[in-house]
Amino acid sequence: MTGSQGRPAFDRRALIGTGLGAAVLLAAGPGTARAADRASASSASSAPERAQDFLGAAMDAYPEHGPIRLAQSYTDQAGLFSTAFTYDNALAVLAHLARGTRAGTARATALGDALLYAQANDPDHTDGRLRQAYNVGPYTFYDGVRQPDGFVRADGKANVGAQFGFTGTAVGDMAWAGVALAALARRTGQRRFLAGAVRIGEWIDRTGRTDEPLGGFKFGVDGANQRLPFTSTEHNTDLIGLFGQLARLTGDRVWQERRAVAGAFVRRMWEPDGGFFYTGTNDGVTVNRSPIPEDTQTWTHLALNSSAYARSLDWAATELAVLDTAGRPNSTVPAGQSYEGVTFSSASLLADESAPIAAGQPKPDRNGVWFEGTAHLALALRHRHAPGDEKRARRLIASMERAQDLLGAGQTFGGRAVAARSGIVSASSPLDTGFGFGYYPYRHTGATAWYLLAAARSNPLAV
């Protein structure tokens, strides 16, 4: 994700930074997780085991900066240095829990405690919010200024990712963190995780609720704490999952009411003639009809589990299907390889292949596979389980596993080599999302976590 002059471009979870639109770790937590993973690393040979090893490496990239840590989102080659997106770390928690082992639970617990630490030690706010991203290790920024700290700054505050403007708070990112903490509360029985998830839900209701005609919960706030005008189908889908889980865990009926608000917005975004969901609204009045993204088709099924909207999976599987081959002009796939899956949105299929996505970036390939979205679809198909769904899901998973084996070689975390055949790149070739940013062939914590959820048939939005 490199922009002009080598600076990374902002991704869809980086649009709300400045100028842009008390936890205690378990004594046996991170140390036990690292020891168990090291002990099993030599024998790990399956694709899921290698993916888990990658998530562990992302989490352990800066051991000299203490046990309280998050996982770096992308390998160093992406140009985002030690950035750890809140969303990616929530997914890592869920993927570690899906592993079903003591080591997986220990790693998930350590990441959950780091999210709680960030919640309790924000440098500017005490209201339960999390930021879009944090720094988890030292680096020298493009302007030559040194960022010396790990996740915990010298003053004890969480190290917010200010260099890239990742200082805002998105409702969707908060929702996924809440889902992760709720999952930890269920698995461990530890009340602190439920308390953190409830604080997140309360922040979302205070900040996001709107009385606009289309309803739902708004996008969040920027780095200056200004409320953003957008309402996202994706975010409200996340809230269906989070609020439903909080209702079940707390027994408080207010969460069911809030879930109904989010669900009503999502259903208003349904296009019955086409069998898909629109992306949301900019003003609370008018529905945005283009571009049409993948995640609003697959996450809606995972959250709603309704046959009335199940056609959205067929729309995504058909209308966003791509096959990336080495013979395409802008493909970066090595000779003799090909990958199938889906792309980010309807606009990705219409990208201008004659020009870079942004200055200093490579030209996009309309057939670039978005592996995170491909995992969404594989999991949703397995969840729907209609005739042919499992066969199609297995093909998509096989494509991701081939990518793990063959793409993204020679990449690093914190200057340390990533093990061969571990971790999945975010895209097979550069692709234009249609939302002002791109994805590239860098190994990615989020894509790898979604692959693991699909492989384990683990639906994180289920109630």
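Residues numbered from 1 in each chain as written. Predicted model: local features only at pLDDT ≥ 70, side-chain atom pairs only at ≥ 80, totals over all residues. Heavy atoms only, no water.

A. Quick look at the overall build of the protein chain. The secondary structure content of the protein chain amounts to 13 helices and 19 strands. Computed over C-alpha atoms, the radius of gyration of the protein chain comes to 20 Å, within 12% of the 23 Å expected from 2.2 N^0.38 for 463 residues, which places it in the range of a compact globule. Overall size of the protein chain, expressed as C-alpha extent along the three principal axes, is 55 × 55 × 45 Å. A total accessible area of about 16200 Å² is found for the protein chain, and carbon and sulfur atoms account for 51% of it. On the protein chain, the mean spot of the 46 positive side-chain charges and the mean spot of the 43 negative ones are 6 Å from each other. (Helix = DSSP H or I, 4+ residues; strand = E, 2+ residues; numbered from the N terminus. Rg over C-alpha atoms; globule rule 2.2 N^0.38 Å. Areas by Shrake-Rupley, 256 points an atom, 1.4 Å probe, with all protein chains shown as cover. Lys, Arg positive; Asp, Glu negative; His and termini not counted. Charge placed at Lys NZ, Arg CZ, Asp CG, Glu CD.)

B. Spotlight on the confidence of the model for the protein chain. The share of residues in the protein chain with pLDDT of 70 or more is 90%, and the mean pLDDT across the chain is 92. Taken as a whole, residues 1-43 scores under 50 in pLDDT and shows 121 contacts with residues more than four places along the chain or in a different chain. (pLDDT = per-residue confidence, 0-100. Contact = heavy atoms within 4.5 Å.)

C. Focus on the packing of aromatic side chains. Scanning all chains against the criterion turns up 31 aromatic pairs. Here the aromatic rings of Phe 344 and Phe 435 are separated by 5.7 Å at their centres, their planes lie at 70 degrees, and the arrangement is edge-to-face. Of the two residues, Phe 344 sits in the loop between strand S13 (338-342) and helix H11 (371-384) while Phe 435 sits in the loop between strand S17 (431-432) and strand S18 (438-439), which places them 91 residues apart along the sequence. What links up through ring pairs into an aromatic cluster is the set Phe 81, Phe 85, Tyr 139, Phe 141, Tyr 142, Phe 164 and Phe 166. (Phe/Tyr/Trp six-rings, centres within 6.5 Å; stacked < 30°, edge-to-face > 60°.)

D. Here's a closer look at the side chain of Gln 245. Among the structural elements, Gln 245 can be located in helix H7 (residues 233-250). On the basis of relative accessible area, Gln 245 is assigned to the buried category, the value being 2%. Polar contacts involving the side chain of Gln 245 include one to the main-chain carbonyl oxygen of Pro 460, which spans 2.9 Å. Within the local environment of Gln 245, its side chain forms a polar contact with the backbone oxygen of Ala 462, the two atoms lying 3.0 Å apart. (Buried < 20%, exposed > 50% of the residue type's maximum accessible area, 1.4 Å probe, protein only. Polar contact = N/O pair within 3.5 Å; in protein donor to acceptor, adjacent residues only side chain to side chain.)

E. A look at the side chain of Asp 324. Relative to the assigned elements, Asp 324 resides in strand S12 (residues 321-325). Buried within the structure, Asp 324 lacks any salt-bridge partner; Arg 328 is the closest side chain of opposite charge, at an N-O distance of 5.0 Å. Looking at Asp 324, its side chain comes within polar contact range of the side chain of Ser 428, at 2.6 Å. Within the structure, Asp 324 has its side chain in polar contact with the side chain of Ser 429 (distance 2.6 Å). The contact partners of Asp 324, leaving out residues within four places of it in the chain, are Ser 331, Val 333, Gln 337, Ser 338, Tyr 339, Asp 365, Asn 367, Gly 368, Val 369, Ser 428 and Ser 429. (Salt bridge = Lys/Arg side-chain N within 4 Å of Asp/Glu carboxyl O.)

F. Here's a closer look at the pattern of salt bridges. In the structure shown here, the tally under the stated rule is 24 salt bridges. Of the charged contacts, one joins Arg 258 and Glu 202 as a salt bridge, the two residues approaching to 3.3 Å between their closest N and O atoms. Here the residue Arg 258 occupies a position in helix H8 (residues 254-268), and Glu 202 occupies one in helix H6 (residues 191-208), the gap between them amounting to 56 residues. Between Asp 405 and Arg 421 there is a salt bridge, with its nearest N and O atoms 3.2 Å apart. Of this pair, Asp 405 sits in helix H12 (residues 389-406) while Arg 421 sits in the loop between strand S15 (416-417) and strand S16 (424-425); the two residues are 16 residues apart in sequence, bridging distant segments of the chain.

G. Here's a closer look at the sheet that holds strand S7 (residues 231-232). In spatial order, the strands read S7-S10-S11; together these three strands make up an open sheet with antiparallel pairing. Two strands in the sheet have a free side with no partner beyond their single neighbour: S7 and strand S11 (287-288). In this sheet, S11 lies alongside strand S10 (residues 280-281) in antiparallel orientation, the contact comprising two bridges. Paired with Gly 280 across the bridge in S11 is Asn 288. (Pairing = 2+ DSSP bridges.)

H. Just the packing of helix H3 (residues 86-98) against helix H4 (residues 102-120), in detail. In the contact formed by H3 and H4, the axes pass within 7 Å of each other and the chain directions differ by 155 degrees. When the axes of H3 and H4 are compared, the pair comes out roughly antiparallel. The handedness of the crossing between H3 and H4 comes out as left-handed. Listed contacts from H4 to Thr 86, Asn 89, Ala 92, Val 93, His 96 and Leu 97 of H3 are Gly 104, Thr 105, Arg 107, Ala 108, Leu 111, Gly 112 and Leu 115. (Axes fitted to C-alpha atoms, helices over the stretch in contact; angles between N-to-C directions. Parallel < 35°, antiparallel > 145°, perpendicular 65-115°, else oblique. Left-handed = near helix turned anticlockwise from the far one by under 90°.)

I. How the structure looks around H3. Between the first and last C-alpha of H3 there are 19 Å, a value that for 13 residues agrees with the 18 Å anticipated at 1.5 Å per step. Extensive coverage of H3 is indicated by the burial of 12 of its 13 residues. For H3, the complete set of buried residues consists of Thr 86, Tyr 87, Asp 88, Asn 89, Ala 90, Leu 91, Ala 92, Val 93, Leu 94, Ala 95, His 96 and Leu 97. Phi turns positive one or two residues past the end of H3, at Gly 100, with a value near 75 degrees. (Expected span 1.5 Å × (residues − 1).)

J. Expanded view of the nonpolar core. Counting residues in hydrophobic clusters, the biggest one holds 111 residues, and the most contacted among them are Trp 176, Ile 204 and Trp 450. Ranked by the residues each element gives to this core, the list is headed by helix H5 (residues 171-188), at 11 residues. Those residues in contact with Trp 450, other than ones at most four positions away along the chain, are Tyr 87, Leu 91, Trp 176, Trp 299, Leu 302, Glu 372, Ala 375, His 376, Leu 379 and Pro 460. (Core = buried A, V, L, I, M, F, W, Y, C linked by side-chain atoms within 4.5 Å.)

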